[in-house]
2 protein chains.
Amino acid sequence: MERKRAKSGEIRLTEVAKLAGVSPITASRFFRNPQALSLSKRERVASAAKELGYVPNLAARALASQRTEVIGVLIPSLTNNVFSDVLRGIYDASEGSRYSIQLANTRYSILQEEQLLRLFQAQKPAGLIVTGIDQTAESRAVMEAMNCPIAQIMEIGPDPVDMMVGFSHYDAAFAAVSHLVEQGFKRIGFVGAQMDPRMQRRFGGYRDAMKAASLFAPRLIVTTPVPTSITLGGSVFSDLLSKAPDIDAVCCGNDDLALGVLFECQRRHLSVPEDMAIVGFNDLEFMASAVPPLTSVRTNRYEMGRSAVTMVTAAIEGNRPPQPVLDLGFQLMIRESSSPRHN
Amino acid sequence: MERKRAKSGEIRLTEVAKLAGVSPITASRFFRNPQALSLSKRERVASAAKELGYVPNLAARALASQRTEVIGVLIPSLTNNVFSDVLRGIYDASEGSRYSIQLANTRYSILQEEQLLRLFQAQKPAGLIVTGIDQTAESRAVMEAMNCPIAQIMEIGPDPVDMMVGFSHYDAAFAAVSHLVEQGFKRIGFVGAQMDPRMQRRFGGYRDAMKAASLFAPRLIVTTPVPTSITLGGSVFSDLLSKAPDIDAVCCGNDDLALGVLFECQRRHLSVPEDMAIVGFNDLEFMASAVPPLTSVRTNRYEMGRSAVTMVTAAIEGNRPPQPVLDLGFQLMIRESSSPRHN
DNA sequence: TTGTACGCGTTATCAA
DNA sequence: TTGATAACGCGTACAA
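Each chain has its residues counted from 1, following the order in which its sequence is written. Lettering of chains starts at A and numbering of ligands starts at 1, both following the order in which they are written. Only residues with pLDDT of 70 or above have their local features reported here, since the model is predicted, and side-chain atom pairs are shown and tallied only from 80 upward, although totals for entire chains, interfaces and linings are computed over all residues. In computing side-chain values, all of the structure's heavy atoms are included and hydrogens and water are not.

1. Side note on the nonpolar core
In plain words, nonpolar cores are sets of buried Ala, Val, Leu, Ile, Met, Phe, Trp, Tyr and Cys residues tied together by side-chain atoms within 4.5 Å. Each residue gets one of three labels from its accessible area relative to the maximum for its type: buried under 20%, exposed over 50%, partly exposed in between, using a 1.4 Å probe on protein chains only. Membership of the largest hydrophobic core comes to 163 residues, with the highest contact counts inside it found for A:Ile129, A:Tyr206, B:Ile129 and B:Tyr206. Should any heavy atoms of two residues lie within 4.5 Å, those residues are considered in contact. Sequence-distant contacts of A:Tyr206, that is, excluding residues within four places in its chain, are made with A:Ala173, A:Val177, A:Ile188, A:Gly189, A:Phe190, A:Leu220, A:Ile221 and A:Cys251.

So, in structure tokens, the structure goes:
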């Protein structure tokens, strides 16, 4: 009695092997490691596969091999421009490899991150890319249990789970504020939003640079947990002005805030930088074309995404990079908005 | 002779079934269609699964069932803000469902799109979301062969592959230009970049609105295939000004260009809207907070992503939406940058 | 370099 | 509503 189940109708490896006159396993090897075959068989399998239009069944491959060719990626936001550049780097790099990307959005929540990590764990990805270095203990445990190469991106710090690609937000902000100090600004405000860990470390850089110059004062600071936006930049700057009307410069936790501050200055007829200097963070595209051009800290976001994939894929294939932590640095882009103060 | 292969070490369905005292298939049903079980067995399987920490093996499931729970998504850009909103809608909606998203970037290339479509085809996704309505004939053939629900997003048009969610870029641009005409502007320029199909249809709306008002003139138009950016907005506007120094308004193909135009006006000390009116397209966040606030056409990008997932998942599960084409419309956001001309 | 034998963990099919 | 059986298409392990 025949109660076979329906076959998929797709070409299978066996059929390719048959046409090529080799055993299925030889055909299998052809797709994973062609060099292991003799030249003649290699050619025969290649042409058979082409003729039949064979496409490997990834599910079967994953089941049999107990692994996948997926790299999981966890980022905190799909809207923030900063991450679109990182993502572009990630997707560009993945296309040159055999790995595909599985993306998820943590929405800046470390609990959501924990959940997503568990979800990923079930799929046994070949590698993992996570944003930042502030995972929960539980998240770290899951990551360690996953037993695959992992890159933490966007910043670097002590105690990597595995590998890291980023830069020091603290140092970068410290450098930006030091620049303002050198330019002769004295009452330098800080505006921050979202207040995720990297924003907090940028604030730390501001705080310590101000303290180092003996210019620190709590009244110069306005922060909010509200998600960042250009519009928000205007309103936090307004708040700052009511607390400290005498400020002569603003260090903005990111570029969106900086642009919002610039617009607010235009609205209030404050000249930049004569009445108010502005520095931002990330050097998004608009900073250079604003009027006046806005000083910012350039970060290598595309490269961060690209390197993360490169490092992870290399590690998957056994070629771990010699140094697990890659510091991509930053570059202070000095523009008109922070021109020296002429007293 | 024992040469068993290593088991994965994970809990399998069989073990859950054993602990629950049912057959594997019953346990299997519990995860896919709990209502098919009697209450007592349902509870027993549930507690056994929980006790063992069972996680389904997706590869095995895909292999056995010949399908996946993946929705493929093809978008033309990861950098363009317009798509981050769409993506957010897509990812938000997918989290409420059992489906996961597989994202790929076509980089505005219909050939790349074709390739990616073939790649997706191999993975037999349960559904597909593609951007725009201008696929190659080959791409359409692949999509039809995929035999799964498909949503085309961002715009609507005749002859859907399956379903559509979007709006008419032509109508939206026509409305924006008509607004400028009504406000009394006569020499209305157009700047466009990237010139992807949607940009071209926006241009078509501009052209026809201008012709309808007997204001059309080729010298008022500057376009470039270069990818759009704020900086580019400034330079194409400069080009436009050299061709047509007497223009009194600019219709920008998107908001990035519009902001670049505003900055260029500031650089040239042209007052907006007195010397130059500006309208953009998409109503990105910065349009409302620019100085002056910039008129734009608001589009429902988040909702486009969300509805696309909703429609596709409904269709996968047999509940096809009654109307396959969903027009999400647009809304003209009139702001100071297009205030009426007082001659 | 190639092949044999078997199992990966699940679900479809059919029967009860 | 439940269960027995047989795949799903491929890769691992080992031997030759």
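Moving on, there is more to tell.
2. As for helix α11 (residues 255-267) of chain B
All names here are of chain B. Here α11 contains 13 residues, and its C-alpha end-to-end distance of 18 Å stays within 8% of the 18 Å for a straight helix at 1.5 Å per residue. Put simply, DSSP H or I for four residues or longer makes a helix, DSSP E for two residues or longer makes a strand, and each gets a number counted from the N terminus. The element α11 is extensively covered by neighbouring structure, given that 12 of its 13 residues are classed as buried. Along α11, the residues that are buried comprise Asp255, Asp256, Leu257, Ala258, Leu259, Gly260, Val261, Leu262, Phe263, Glu264, Cys265 and Gln266. For α11, the side-chain oxygen to backbone nitrogen distance between the N-cap and aspartate 256 is 3.0 Å, and the N-cap itself is asparagine 254. How far a helix is expected to stretch is found by multiplying one less than its residue total by 1.5 Å. Within 3.5 Å is the distance limit for a polar contact, defined as a pair of N or O atoms, with the added protein rule that one can donate a hydrogen and the other accept it, and that residues adjacent in sequence qualify only through two side-chain atoms.

3. Let's talk about the packing of helix α4 (residues 58-65) of chain A against helix α4 (residues 58-65) of chain B
Angles run from 0 to 180 degrees between N-to-C directions of axes, and those axes are lines fitted to C-alpha atoms, restricted for helices to the stretch in contact. Two elements in contact, α4(A) and α4(B), have axes whose closest approach is 8 Å; the angle formed by their N-to-C orientations is 135°. Judged on the interaxial angle alone, α4(B) and α4(A) are oblique. Crossing of α4(A) over α4(B) shows left-handed handedness. Contacts between α4(A) and α4(B) involve A:Ala59, A:Ala60, A:Ala62 and A:Leu63 from the former and B:Ala59, B:Ala60, B:Ala62 and B:Leu63 from the latter. Split into classes, the residues belonging to the contact of α4(A) with α4(B) amount to eight nonpolar, no polar and no charged. The labels follow the angle: roughly parallel below 35 degrees, roughly antiparallel above 145, roughly perpendicular from 65 to 115, and oblique for the rest. The sense of a crossing depends on the near helix, which, turned anticlockwise from the far helix by less than a right angle, makes the crossing left-handed and, turned clockwise, makes it right-handed. Think of it as three bins: nonpolar holds Ala, Val, Leu, Ile, Met, Phe, Trp, Tyr, Cys and Pro, charged holds Asp, Glu, Lys and Arg, and polar takes everything else, Gly as well.

4. Some details on the relation of the copies chain A and chain B
Note on the identical chains: chain A maps onto chain B by a rotation of 180° and an axial translation of 0.1 Å, with an RMSD of 0.2 Å. Put plainly, the chains are arranged around a two-fold axis. Closest approach to the rotation axis among the C-alpha atoms of chain A is made by A:Ala59, whose C-alpha sits 2.3 Å away. Copy-to-copy superposition: least squares on the C-alpha atoms, limited to residues that have pLDDT of at least 70 in both copies.

5. Considering the sheet that holds strand β1 (residues 70-75) of chain A
Residue and element names in this part refer to chain A. Strands pair, by our definition, only if DSSP identifies at least two bridges between them. The six strands are arranged β2-β1-β3-β4-β5-β11 in an open sheet whose pairing can be described as parallel. What marks the edges here is a single partner per strand, and that holds for β2 (100-105) and β11 (325-327). In this sheet, adjacent strand axes meet at a mean angle of 15° when their direction is disregarded. Note: β1 against β2, six bridges, orientation parallel. The residue bridging glycine 72 from the neighbouring strand is glutamine 102, located in β2. The sheet contacts of helix α13 (residues 301-316) involve β1, β3 (127-131), β4 (150-155), β5 (163-167) and β11, and relative to β5 the element is tilted by about 165°.

6. Quick word on the domain arrangement of chain A
Many structure descriptions define interface size as the accessible area lost when the parts assemble. Source of the domain bounds: an automatic or database domain assignment. Domain assignment breaks chain A into domain 1 (13-56), domain 2 (66-167 + 301-329) and domain 3 (169-298). In this structure, domain 1 of chain A and domain 2 of chain A have C-alpha centres spaced 34 Å apart.

7. What to know about the pattern of salt bridges
Should a side-chain nitrogen of Lys or Arg be within 4 Å of a carboxyl oxygen of Asp or Glu, the pair is scored as a salt bridge. A complete count under the given rule lists 47 salt bridges over all chains for this structure. For the salt bridge of B:Glu138 with B:Arg118, the shortest nitrogen-to-oxygen distance reads 2.8 Å. Highlighted residues: B:Glu138 in helix α7 (residues 137-146) and B:Arg118 in helix α6 (residues 110-123), separated in sequence by 20 residues. The partly exposed category is assigned to B:Glu138, whose relative accessible area is 36%. Among the salt bridges present, the one from B:Glu303 reaches B:Arg306, with a minimum N-O distance of 3.1 Å. A residue pair is termed a helical-turn pair when its members lie 3 or 4 positions apart in one helix, as B:Glu303 and B:Arg306 do in helix α13 (residues 301-316) at three residues. Judged by relative accessible area, which is 27%, B:Glu303 ranks as partly exposed. A relative accessible area of 30% places B:Arg306 in the partly exposed class. Several salt bridges converge on common partners, so that one network encompasses A:Asp134, A:Glu155, A:Asp196, A:Arg198 and A:Arg201.

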